[in-house]
Amino acid sequence: MDGNLNEPNENELEQLEIGVEEIFPETAPKKPKKKHKFFGSVWSGILIGILFSVAVLLLGSAIFHMVTGDYLVFGGVTEVASVSESRILDEDVAQKIAEVTSYIDLYFTGEYDDETLQDGLIHGLVEALGDKYSVYYNAEEYEDFMVSNTGSYAGIGAGLSQDSSTNVVTITKVYEGTPAEEAGLLAGDQILYADDVEATTVELSDLVSNIRGEEGTTVTLKIYRSSTDETFTVDVERKNIVLPSIEYNMMDENVGYIQITQFQTDTDEQFELALNELEQQGMEKLIVDLRDNPGGLLDSVVNILDVILPKGTVVYTEDKYGNQTTYSSDANCIDYPMAVLINGNSASASEIFAGAIKDYEYGTLIGTTSFGKGIVQSIFQLSDSDGLKITTANYYTPNGNFIHGVGIDPDIELEYQFQGEEGATYEQSLDNQLMYAFDYITGKATADDASNYIKETK
C-alpha cells in the first residue's frame, strides 16, 4: 500500500516487487571494499561484525520512515537487544557461524570481504520469512529504495512489468525525451539481460537496481522484440530524470482523461492540478487510467480519494495485534460520471483506489482483474543507515474486503487489444479499453457491448 501500502506495482515500483516498477532511481557511489584476509580466531573479525549486525537488525534502533501503497513511514525508537538476548542468535547458531566461517577462511579460493558476508547473513535472515515483500537493504540499497519513491531518478526512463509466473520482464512504457526513447526502445520489448544479469532469474526490484546507476554511465540491455522476432543489444546512457506521475488531456464530448502511472510524493498535487485544469476546460465526465500502476504512497492515494469521494472510510489497515487504522475522506467530492481502467498490473495503492471506487459505487471499473496485493509493508531505518522492509498489516476496502492474492474484479471485463497495425505507434483511439470506457461513459455503449471492442483474429 502507499503511505507506502505498494512496491506493486511495488513494482516496487515496488512496488516494486509487486510486478511493475519504473526505472529511473540513481544509486549512491559504491564504497570501496577491502579484500578479506585470513584471521585466526573464529570469534574475532567477521564474527564480531556479524553478531553485532544481527543483534541490531533483530531489535535495533529503528526509525519508521514512510507508508506507501506498499509501505508505512513514521518515527520511533526501540531498545537495542544485546547479542546475549537474541532469540535467533543463540549459542548453537553462533557456534555454527564460527564453524562455517573457519572453513571459508581455510579453504575458499575466491575473494570475499567482511561486509559482503555480513550483508548476506542478514539478507538470508529476512528471506527466511518466506515473504517476498519483506526485504533487508544495506545502506546503498536503502538509499536507492527511498529515492525511487520521489519521482526523481537517474536511469533510462522506462516502465517495466514482470510476469508473476514466468518472470518475463516487459517494457510497458517509454517516456518521451528519455534515454530509453533515444535508444529506440519500445513498449512491448522484453528485457532479457541488463549487463550480465538475466532478467528472469531475479526479482524486478533487483533487475531495476542493475539498470539504475550513476548519471553518464551506460547499461547494456539485451532485448527481444516480438513484433519483428528479433533479439538485439543496445547501450543506454543513464541520465537524471524527473517525470510526472500524472498525464491528462481532454477527449471529445467533454470527457477528461487522467492517467496515474504511480502514486509518488506529489502525485496528489499533480492530480488536483490536472482535475482543476480539465474542469476549467468544461469536463463533464472523467476516465482515470490505473493500468500498469504498481502502487506507491498511501498518503498520496488517500488524498486523491479524498478529492473524489464523499465523507467516509476509503481504506483501513489491521496489524497482527488487531489494531486498526482508518483513512477517510471528507464531504467534498466530485459529482460527475467516472470510469476507472485497471489490469493485472494495477497493484497495491491502485487497488486501494479501485476498491474504494467500487465499494462506494462511485464509478465503473473496466478492464481485467487487478494484481491482488492487500498487505502493507513498513520501512525501518536501522541504526547504521541500513533499512528493513517487513509486512506489518493487511489492508481492507471500505466494505471490509481483503483482496490479497485475489485482486479486484472489474465491473465490466474487457481484455486489452491494440487496434492498430503491427508496429504502429500507440494512440488513444487505438486503445480498445479506453475507447470502450469513452463510449460507455458517454452512453454510446452498454455493459453487454464490451465484447464488440475485441477484433477477431485469425
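Every value quoted in this text rests on a predicted model; they were computed, and no experiment measured them.

1. With respect to the pairing of strand E13 (residues 246-250)
Then comes step 1: Pairing of E13 with strand E14 (residues 255-260) involves 5 bridges; the strand directions are antiparallel. Opposite asparagine 249, over in E14, you have tyrosine 257 as the bridge partner.

2. A few points about the packing of helix H8 (residues 298-308) against helix H9 (residues 349-359)
Then comes step 1: With their axes 9 Å apart at the nearest point, H8 and H9 run at an angle of 25° to one another. Comparing their axes, H9 and H8 come out roughly parallel. Once H8 is placed against H9, the crossing between them reads as right-handed. Contact residues: Leu298, Val301, Ile304, Leu305 and Ile308 in H8; Ala349, Ile352, Phe353, Ala356 and Ile357 in H9.

3. Remarks on the packing of aromatic side chains
Then comes step 1: Per the stated rule, a full pass over the model turns up 6 aromatic pairs.
Then comes step 2: Seen in terms of ring centroids, tyrosine 316 and tyrosine 396 are 5.2 Å apart; in terms of plane orientation they differ by 15°. Their pairing is stacked. Here tyrosine 316, found in strand E16 (residues 312-319), pairs with tyrosine 396, found in strand E21 (residues 387-396); they are 80 residues apart in sequence, far enough to count as distant. An identical accessibility class is assigned to tyrosine 316 and tyrosine 396; each is buried.
Then comes step 3: Ring centres of tyrosine 436 and tyrosine 453 lie 5.0 Å apart, and the angle between their planes is 70°; on these two criteria the pair is classed as edge-to-face. Of this pair, tyrosine 436 sits in helix H10 (residues 432-441) while tyrosine 453 is found in the segment after H10, placing the two residues 17 residues apart along the sequence.
Then comes step 4: Overall, tyrosine 436 belongs to the buried group, its relative accessible area being 0%.
Then comes step 5: Given the relative accessible area of 19%, tyrosine 453 is considered buried.

4. Some words on the sheet that holds strand E22 (residues 412-413)
Then comes step 1: The 6 strands are arranged E13-E14-E15-E18-E19-E22 in an open sheet whose pairing can be described as mixed. Each edge of the sheet is formed by a strand with only one pairing partner; in this case those strands are E13 and E22.
Then comes step 2: Here 4 bridges tie strand E15 (residues 285-289) to strand E18 (residues 338-342), and the two strands are oriented parallel to one another. Counted as the bridge partner of isoleucine 287 is alanine 339 from E18.
Then comes step 3: Sitting on the sheet, H9 touches E15, E18 and strand E19 (364-367), and the angle it makes with E18 is about 140°.

Conventions adopted
- Residues numbered from 1 in each chain as written.
- Predicted model: local features only at pLDDT ≥ 70, side-chain atom pairs only at ≥ 80, totals over all residues.
- Heavy atoms only, no water.
- Pairing = 2+ DSSP bridges.
- Helix = DSSP H or I, 4+ residues; strand = E, 2+ residues; numbered from the N terminus.
- Axes fitted to C-alpha atoms, helices over the stretch in contact; angles between N-to-C directions.
- Parallel < 35°, antiparallel > 145°, perpendicular 65-115°, else oblique.
- Left-handed = near helix turned anticlockwise from the far one by under 90°.
- Contact = heavy atoms within 4.5 Å.
- Phe/Tyr/Trp six-rings, centres within 6.5 Å; stacked < 30°, edge-to-face > 60°.
- Buried < 20%, exposed > 50% of the residue type's maximum accessible area, 1.4 Å probe, protein only.

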